[in-house]
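Listed below, chain by chain, are the residues.
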Amino acid sequence: MNSPRTPMVEHHKLTLGQQLGQGGQGTVYEVTNRKINEAAGDGWDVVYKEYGPAVLPALRADALASRAELIGGLNAADAKWLCERTAWPAAVVQRQGHTCGFLMRAVPERFRFAFQNLGGASGTQRLANMEYLLNDDAYVAGIGLTISSRDRLAILGDLATTLSRLHRLGITVGDLSPKNLLFATAPHAECFLIDADAMRLRGATVLPQAETPDWQIPDGEEKATCASDVYKLALLAVRLIARDQTATDPAALAPVGPALVDLARSSLDPDPTRRPTPALWAETLAAAATTASTAPASAPAGPGPGAVSAPGRRPRRTQHAPGSPLPGGAVPRTRPAKPKGKTGAGFAASVAVVLVALLALAATHSNQADSGTASGSVAPAVSDFPTVPDSLPTDPASTDPDPVDPDPATSEPDTPSESPTPDAIADAEVGSCFYDNGTSDDPDLVATDCTDGAFKVVSIYSDTTDLSSCDNVTDNDESVSSARNDLVLCLSYQSPGGTAYHAHQGDCVYGSSGTGSWSTQTCQTGNFKVLATYRGISDDSKCNSWPHYNQWKHFGVASDSGLDVLLCLSMNYPDDAGYATKNECLLKSGSGQNVTFTNVGSCAASNVVVNGRTSQYDAGAFCGNYGWTTWKPSDYPSLAYTVCWRWK
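Since we're looking at a predicted model, the values are computed, not measured. (Residues numbered from 1 in each chain as written. Predicted model: local features only at pLDDT ≥ 70, side-chain atom pairs only at ≥ 80, totals over all residues. Heavy atoms only, no water.)

Enquirer: What should I look at first to understand helix α6 (residues 258-267) in this one?
Expert: Think of an α-helix as 3.6 residues a turn; residues three or four steps apart then line up on the same face. Taken as a whole, α6 has its buried residues at Leu-260, Val-261, Leu-263, Ala-264 and Ser-267. Looking at the buried positions of α6, the neighbouring elements they touch are α4 (149-168), α5 (226-242) and α7 (278-289). (Buried < 20%, exposed > 50% of the residue type's maximum accessible area, 1.4 Å probe, protein only. Helix = DSSP H or I, 4+ residues; strand = E, 2+ residues; numbered from the N terminus. Contact = heavy atoms within 4.5 Å.)

The following block contains the structure:
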């Protein structure tokens, strides 16, 4: 129950605007009829986060209420600072007395930037997410960010100072990763932390602590502590200076400060008690920043030969129209499609198409489907096109080194040219499907039925070739641009393995232990919760560090391992006895067939203690004279358990 001092708003009193984002826990909406901190003047814009139905059963409403109450309990300086540096919960939102979400300050404008596409044109305003900086300087400058080495160190220093002050207030971040961090460099370097409801306040959490893949603390360590925050600060420092998404070697910090190398090594120590404080990081970073370069990274003179990877995503692909110029003025070579269970055009036929196209271009330019040139420009001369490769097959009957042209009067009449081939990409609609018969760097889309192994169009963006247009499109696996058609297709792979291929962290899935398909389902006893999703990875050892991990599922894509998906899974047991360990305290409630064991987080509030566990089902004899509870999943007998307990 909420305290009388808990800031609280009824959902029906909110006027919601556009959806701003969606994640594994909920959806964020614009709020048009409210502001917070109006006493300071115009106030701050506010947004609403609504928790998804799947997470509501695990939501601790009292912990969320304590966050909304915190601002009123701090001194004025700390309260203002916390609201300036984090999207801290400002009010609890309820529906008919039940907590469904909360209001928070909208991200300040200084933590946004004008994203530029690969051609240099400015696009929409985007959040200045720290993930953008985990790429090379050419990419960072190319998307419109002006960042120097000194800026990088100053941003890290501000984050270290922020962590130090948060820790003094009893707040630990926990899931400290680039996806939860925004940055600004003007008027000075600073950071802004989002997903503040996931932080730990005085040891309490609103929802069970989760970690971003590749940003986990060592296996078995308590989450969301001061020491775990320092561990992830060190990872961020290494990766921010290395311009790399997954680097872990502290030696990457050597160019900007030898002292930082030693500091990072100690911060990544497996023993959390040996890690330094954020304050020491702030001091060392400030010293290193004084000698760091202030020259901003520069963008390359022109677009490179391929698409640029955006933060945290696999490389996108650019579909070039046959005969259209590649960056740098080259012309892509027309090649036969590689069959993928389908028959493709023969090599000789492809050569004929090239020759016919070249002859047609030599004869006329009245109907050019030009790509990358202004309308009305003159078609290039035949000599401007690449010569026919030496490897093309020749007519063995043509042995005359200087053949004479045939007599026009006796030669066969020209065969009428065929109708232009339909442009499947230009005609694509949402729901259309393609096979990609190309490579990871050179896609080749061929229209097909929407069947296993195909790519379905889930969104289309016109008047652009910016591959990042698909960044927030649900289930997008591949982004393909067509310069000729000036559009981007967002494509979703249709996996033969089932809908679980597109499962996200927090979703629930199920499939048999054999080779059958897996589906996404409502979370319930007996299916699996997705702990982590890895793209382009098949090594199940990536799952070992996840708590309660006991099953993995791999979806392989033979034609492109970059599309492989690995799911790290956790069985949804009937209650908390399923993952209970020896000496763990539980609260036993109910009777008969309705007994439930719950980990309430406190031994003082519990009434039983676990004193034994086996993976055997119905093993009452194992427990002797103690009480016991048992359960077995029908398809996965190895995940059965019998847990022994005694009264406290």
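Enquirer: Mind showing me how you'd approach the environment of Val-457 here?
Expert: Relative to the helices and strands, Val-457 resides in strand β16 (residues 455-462). Dropping the residues within four chain positions of it, Val-457 is found in contact with Glu-429, Val-430, Gly-431, Ser-432, Phe-434, Leu-489, Cys-490 and Leu-491.

Enquirer: Help me understand unusual backbone geometry in this model?
Expert: For residues that are not glycine, phi is negative in most cases, and the peptide bond is trans in most cases. The amide bond that connects Ala-186 to the next residue, Pro-187, takes the cis arrangement and shows omega of 5°. Counting through the fold element by element, Pro-187 comes out in the loop between β10 (181-184) and β11 (190-193). Phi at Gln-96 takes a positive value of approximately 50°, unusual for a residue other than glycine. Within the secondary structure, Gln-96 sits in the loop between β5 (89-95) and β6 (98-105). Here Ala-224, not a glycine, exhibits a phi torsion of approximately 55°, which is positive. Along the chain, the position of Ala-224 falls in the loop between β12 (200-201) and α5. Using a relative accessible area of 5% as the deciding quantity, one classes Ala-224 as buried.

Enquirer: Would you explain the environment of Leu-531 in this entry?
Expert: Looking at the secondary structure, you find Leu-531 in strand β21 (residues 528-535). For the pair Leu-531 and Cys-508, spaced 23 residues apart in sequence, the C-alpha to C-alpha distance is 9.4 Å. Ignoring anything within four residues of it in the chain, the contact list for Leu-531 reads Gln-505, Trp-546, Pro-547, His-548, Tyr-549, Cys-568, Leu-569 and Ser-570.

Enquirer: Is there a simple way to explain the pattern of salt bridges in this structure?
Expert: Once their charged atoms are close, side chains differing in charge can pair, the charge on each being opposite to the other. Tallying each qualifying case throughout the model produces 22 salt bridges. Note that Arg-112 is salt-bridged to Glu-109, the shortest N-O span being 3.3 Å. Between Arg-200 and Glu-222 there is a salt bridge; the shortest N-O distance is 2.9 Å. Taken together, the residues Arg-200 in strand β12 and Glu-222 in the loop between β12 and α5 connect sequence positions 22 residues apart. In this structure Arg-200 comes out as buried when scored by relative accessible area, which is 18%. For Glu-222, a relative accessible area of 47% puts it in the partly exposed group. Taken together, the shared-partner salt bridges connect Glu-84, Arg-85, Arg-105, Arg-110, Asp-158 and Glu-190 into one network. (Salt bridge = Lys/Arg side-chain N within 4 Å of Asp/Glu carboxyl O.)

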